[in-house]
Amino acid sequence: MGYSWNWGVLFDSTGIGNETYLNWVLSGIGWLFLIGSIAWIIAMVLGTALGIMRTLPSKPMQMIASSYVALFRNVPLLVQLFIWYYVVPNFFPEGLKQWWFFGLAPNTSAMLSASVGLGLFTAARICEQVRTGIQSLPKGQSNAAYALGFTTAQVYRQVLLPQSFRVILPPLSSELTNCFKNASVASLVGVSELISQTKTIAEYTQNNLEIYTYATLIYLVINLALIMFMSFLERKYRVPGLMAEGK
């Protein structure tokens with residue numbers, strides 16, 4: 001039996017009002033960006049703090065950050081998402097638990113769990129990037145800052161971090177795209193993001209090849225746009241002598 005091609009499937013009606021399957025895809029893209037953006041903010045804030053901790057002279061601080069990285073980098077992301085979605089909410093205080101299970105829409109609670117899980121997972125990777133960036137800077141810079149009377153907080157805020165982030169922009173580009181690609185795993189905890197919507201449309205229409213081709217192209221466009229944005233930042237904030245010179 002021959003395959004019935006339908007490259008205009010996205011404009012077919014879903015049978016619900018005036019909705020087309022394109023509306024479902026756009027909704028999935030919206031959830032994808034929401035999860036990826038929240039997770040990236042969590043990852044950058046926590047990952048930066050952990051990266052700083054790993055370079056402080058305090059052994060307890062180094063141990064805490066190292067333990068975090070060892071735990072979150074070596075447990076599969078999917079397992080972590082399941083823990084945040086199925087396990088952690090059961091330990092909430094009673095009032096928060098009732099709100100979480102009955103006050104929030106299922107898609108919203110799943111989105112929050114996925115965002116937190118993905119953010120914490122990515123933070124462990126960003127921690128290592130920040131640590132590497134700080135340690136790549138000449139020791140004389142921090143020593144000179146201390147000699148001028150800077151506090152440790154001032155040394156990091158005004159000397160080390162501004163330079164280290166410019167140094168680690170290339171690897172951060174990979175982490176950013178990975179963060180948005182990994183957001184697709186959220187479909188397994190019930191979020192109606194792009195992959196979830198794609199699977200649903202494929203089941204309804206049986207136009208699997210067309211639907212998954214469109215999903216592939218969407219991910220390709222999103223990630224190429226993110227890479228282009230990060231490449232622009234790399235060129236703009238390049239530190240001569242500390243990063244490979246571009247053409």
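Here, every reference points to the structure presented above.
Analysis parameters
- Residues numbered from 1 in each chain as written.
- Predicted model: local features only at pLDDT ≥ 70, side-chain atom pairs only at ≥ 80, totals over all residues.
- Heavy atoms only, no water.
- Axes fitted to C-alpha atoms, helices over the stretch in contact; angles between N-to-C directions.
- Helix = DSSP H or I, 4+ residues; strand = E, 2+ residues; numbered from the N terminus.
- Left-handed = near helix turned anticlockwise from the far one by under 90°.
- Contact = heavy atoms within 4.5 Å.
- Nonpolar A, V, L, I, M, F, W, Y, C, P; charged D, E, K, R; others polar.
- Expected span 1.5 Å × (residues − 1).
- Buried < 20%, exposed > 50% of the residue type's maximum accessible area, 1.4 Å probe, protein only.
- Parallel < 35°, antiparallel > 145°, perpendicular 65-115°, else oblique.
- Phe/Tyr/Trp six-rings, centres within 6.5 Å; stacked < 30°, edge-to-face > 60°.

This brings us to the packing of helix α1 (residues 21–55) against helix α10 (residues 208–236). Running from amino to carboxyl end, α1 crosses α10 at an angle of 40 degrees, the nearest separation of the two axes being 12 Å. Both α1 and α10 take part in a crossing whose hand is right-handed. When α1 is examined against α10, the residues Val25, Ile29, Leu32 and Phe33 are found in contact with a partner set consisting of Ile218, Tyr219 and Ile222. In the contact of α1 with α10, the residues fall into 7 nonpolar, no polar and no charged.

The α-helix winds at 3.6 residues per turn, so residues separated by three or four positions along the chain end up facing the same way. Its 29 residues place the ends of α10 42 Å apart at the C-alpha level, agreeing with the 42 Å of an ideal helix rising 1.5 Å per residue. Burial in α10 covers these residues: Glu210, Ile211, Ala215, Ile218, Tyr219, Ile222, Asn223, Leu226, Met230, Leu233 and Glu234. Buried residues in α10 make contact with α1, α8 (169–182) and α9 (194–205).

Contact pair α1 / α9: the axes reach a minimum separation of 7 Å and the direction vectors enclose 160 degrees. Between α1 and α9, the interaxial angle falls into the category roughly antiparallel. The element α1 and its partner α9 pack so that their crossing is right-handed. Taking contact as the criterion, the partners of Tyr21, Trp24, Val25, Ser27, Gly28, Ile29 and Leu32 in α1 are, on α9, Leu194, Gln197, Thr200, Ile201, Tyr204 and Thr205. Counted by class, the contact of α1 with α9 contains 8 nonpolar, 5 polar and no charged residues.

Next up on the list: the packing of aromatic side chains. Enumeration over the complete set of coordinates arrives at 10 aromatic pairs. Seen from their ring centres, tryptophan 5 and tryptophan 7 are 5.9 Å apart, and the 15 degrees between their planes marks the pair as stacked. With a relative accessible area of 51%, tryptophan 5 lands in the exposed category. The class for tryptophan 7 is partly exposed, based on a relative accessible area of 42%. One aromatic cluster is present, formed by Trp5, Trp7 and Tyr214 through successive ring pairs.

Right, let's get into the environment of glycine 15. If you trace the backbone, glycine 15 turns up in the segment before α1. Distance in space between the C-alpha atoms of glycine 15 and isoleucine 195 is 21 Å, their sequence separation being 180 residues.

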